[in-house]
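Residue strings, one per chain:
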Amino acid sequence: MNITIVTIGKLKEKYLIQGINEYLKRLTAYAKVDMIELADEKAPENLSESEMEQVKQKEGERILSKLSDDTHVIALAIEGKMKSSEQLADDLENLATYGKSKIAFIIGGSLGLSKDVMKRANDTLSFSKMTFPHQLMRLILVEQVYRAFRIIRNEPYHK
């Protein structure tokens, strides 16, 4: 399985980079995982609604340029579907069973994802109704993908 994680913004925090790298290393036993960091759109702190949409649109264009037509896209969004770790494992296993070997998880910037990215998504995923920094979501996502593969293979993993 080929998994791509497309994210907006450069990760700077060492502790997050170390955690992500640890899970990416563990994932090599299960899948090929690539992390694509795209530039975030520079914008002032106080934006109008239309300016926010423009920022999301520009970031969305960057995201969409990294997705091939045969990629199954899962957008992380607060309004997405909440799933248990076991349900995520089932989803990944089903995708592999039915020939979807290319999967992309999308993590937007601080303003979220554009309408075009959400339209392109085959599925949505929410880890909580709470808002998390998009940088932290990378670590949470790679840990959950790793956990999903452990579940699929009936390998032990702490609960």
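Everything that follows concerns the structure shown earlier in this document.
Residues numbered from 1 in each chain as written. Predicted model: local features only at pLDDT ≥ 70, side-chain atom pairs only at ≥ 80, totals over all residues. Heavy atoms only, no water.

**What to know about the pattern of salt bridges**
Right, on to step 1. Using the criterion set out here, one finds 17 salt bridges in the structure.
Right, on to step 2. Asp 34 is the salt-bridge partner of Lys 32, the closest N and O atoms lying 2.8 Å from each other.
Right, on to step 3. Judged by relative accessible area, which is 34%, Asp 34 ranks as partly exposed.
Right, on to step 4. Of the charged contacts, one joins Lys 42 and Asp 40 as a salt bridge, the two residues approaching to 3.1 Å between their closest N and O atoms.
Right, on to step 5. A cluster of three or more residues bridged by salt bridges with shared partners is formed by Lys 81, Lys 83, Asp 91 and Asp 123. (Salt bridge = Lys/Arg side-chain N within 4 Å of Asp/Glu carboxyl O. Buried < 20%, exposed > 50% of the residue type's maximum accessible area, 1.4 Å probe, protein only.)

**Overview of empty space enclosed by the protein**
Right, on to step 1. Scanning the model with the defined rule gives one cavity of 30 Å³ or more in all.
Right, on to step 2. Ile 74, Lys 83, Leu 88, Asp 91, Asp 123 and Leu 125 are the residues that line the largest cavity.
Right, on to step 3. Listed by contribution, the elements that provide at least two residues to the lining of the largest cavity are α3 (85-97) and β5 (123-126).
Right, on to step 4. Taken together, the residues of the lining of the largest cavity sort by class into three nonpolar, no polar and three charged. (1 Å grid on protein atoms, 1.4 Å probe; cavity = no way out; pocket = protein on both sides within 12 Å on 5 of 7 lines; lining within 4 Å. Points joined across faces, edges and corners; volume = space filled by probe spheres on them. Helix = DSSP H or I, 4+ residues; strand = E, 2+ residues; numbered from the N terminus. Nonpolar A, V, L, I, M, F, W, Y, C, P; charged D, E, K, R; others polar.)

**Let's talk about helix α1 (residues 14-27)**
Turn by turn, an α-helix covers 3.6 residues, leaving residues three or four places apart pointing in a common direction.
Right, on to step 1. For α1, with 14 residues, the first-to-last C-alpha span of 20 Å sits near the 20 Å given by 1.5 Å per residue.
Right, on to step 2. Of all the positions in α1, only Leu 16, Gly 19, Ile 20, Tyr 23, Leu 24 and Leu 27 are classed as buried. Take α1 and look down its axis: the buried residues cluster within an arc of 135°, on one side only. Exposed residues pointing more than 90 degrees away from the buried face of α1 are listed as Lys 14, Tyr 15, Gln 18 and Lys 25.
Right, on to step 3. Lining the buried residues of α1 we find β2 (32-38) and α5 (134-152). (Expected span 1.5 Å × (residues − 1). Arc of directions from axis to C-beta. Contact = heavy atoms within 4.5 Å.)

**Quick notes on the pairing of β2**
Right, on to step 1. Two elements, strand β1 (residues 2-8) and β2, share seven bridges in a ladder whose sense is parallel. The residue bridging Ile 5 from the neighbouring strand is Met 35, located in β2.
Right, on to step 2. Taking the sense of rotation as the criterion, the β-α-β connection linking β1, α1 and β2 turns out right-handed. (Pairing = 2+ DSSP bridges. Right-handed = clockwise from strand over helix to strand, strands pointing away.)

**Describing the environment of Thr 28**
Right, on to step 1. Mapped onto the elements, Thr 28 comes out in the loop between α1 and β2.
Right, on to step 2. The sequence separation of Thr 28 and Ser 110 amounts to 82 residues, and the corresponding C-alpha distance is 29 Å.

**What about the nonpolar core?**
Right, on to step 1. The biggest cluster of nonpolar side chains holds 30 residues, and the ones touching the most others in it are Ile 3, Ile 5, Leu 92, Phe 105, Val 142 and Phe 149.
Right, on to step 2. Among the secondary structure elements, those contributing two or more residues to this core are β1, α1, β3 (72-82), α3, β4 (102-107) and α5.
Right, on to step 3. Considering every element that reaches this core, the biggest residue donor is α5, with eight residues.
Right, on to step 4. Apart from residues no more than four positions distant in its own chain, Ile 5 is found in contact with Val 33, Asp 34, Met 35, Ile 36, Phe 105, Ile 107, Leu 141 and Val 142. (Core = buried A, V, L, I, M, F, W, Y, C linked by side-chain atoms within 4.5 Å.)

**Things to note about unusual backbone geometry**
Right, on to step 1. Despite not being glycine, Asn 154 shows a phi value in the positive range, around 55°.
Right, on to step 2. Here Asn 154 lies in the segment after α5.
Right, on to step 3. The exposed category is assigned to Asn 154, whose relative accessible area is 71%.

From the geometry alone we can't say anything about function, so treat these as descriptive.
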